[in-house]
Amino acid sequence: MKCPVDGTTLVMTDRQGVEIDYCPQCRGVWLDRGELDKIIERSAPAHAAPPPMAPSRGYDDGDRAPRKKRRGSFLDDIFDF
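Note that the structure is a prediction, hence the values are computed from the model and not measured.

### Here's the deal with the pairing of strand E2 (residues 18–22)
Burial of E2 is extensive: four of the five residues sit out of reach of the surface. Alignment of strand E1 (residues 11–15) against E2, held across five bridges, turns out to be antiparallel. Along E2, the bridge assignment pairs Val 11 with Tyr 22. Taken together, E1 and the strand that follows it, E2, pair antiparallel across an intervening segment of two residues, in which Gln 16 is found at a positive phi of about 55°. Direction of pairing for E2 relative to strand E3 (residues 29–30): antiparallel, over a ladder of two bridges. Each bridged residue has a counterpart across the sheet, and for Tyr 22 the counterpart in E3 is Val 29. Hairpin connection, E2 to E3: the antiparallel pair is bridged by six residues, and Arg 27 has positive phi, about 65°.

Conventions adopted
The residue numbers shown here count from 1 along each chain, following its written sequence. This being a predicted model, a pLDDT of at least 70 is required before a residue's local features are given, and a value of 80 or more before pairs of side-chain atoms are given or counted; all residues contribute to the totals for chains, interfaces and linings. In computing side-chain values, all of the structure's heavy atoms are included and hydrogens and water are not. Only protein chains enter the accessibility calculation, which uses a 1.4 Å probe; a residue whose area is less than 20% of its type maximum is buried, one above 50% is exposed, and one in between is partly exposed. Only DSSP runs of H or I reaching four residues or more are called helices, and only runs of E reaching two or more are called strands; each is numbered from the N terminus. Two strands pair under a simple rule: DSSP has to find at least two bridges between them.

So, in structure tokens, the structure goes:
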């Protein structure tokens, strides 16, 4: 099968017992019907609830609240190629 984006031949790989197709050139991932649901079900126990937030503290008018570092999605853990 060819990549719909750049025409490169897709490579099949196994992730958590689910066979997925990906493009080594553009790194696009294509899933068949139901595969995303299987991946989500199998990765759900691996992700714990987020830690409780620290109590907020007051800021002066000139101060800004510190920005939180964005956490990647669960797909970053699944697709590491």
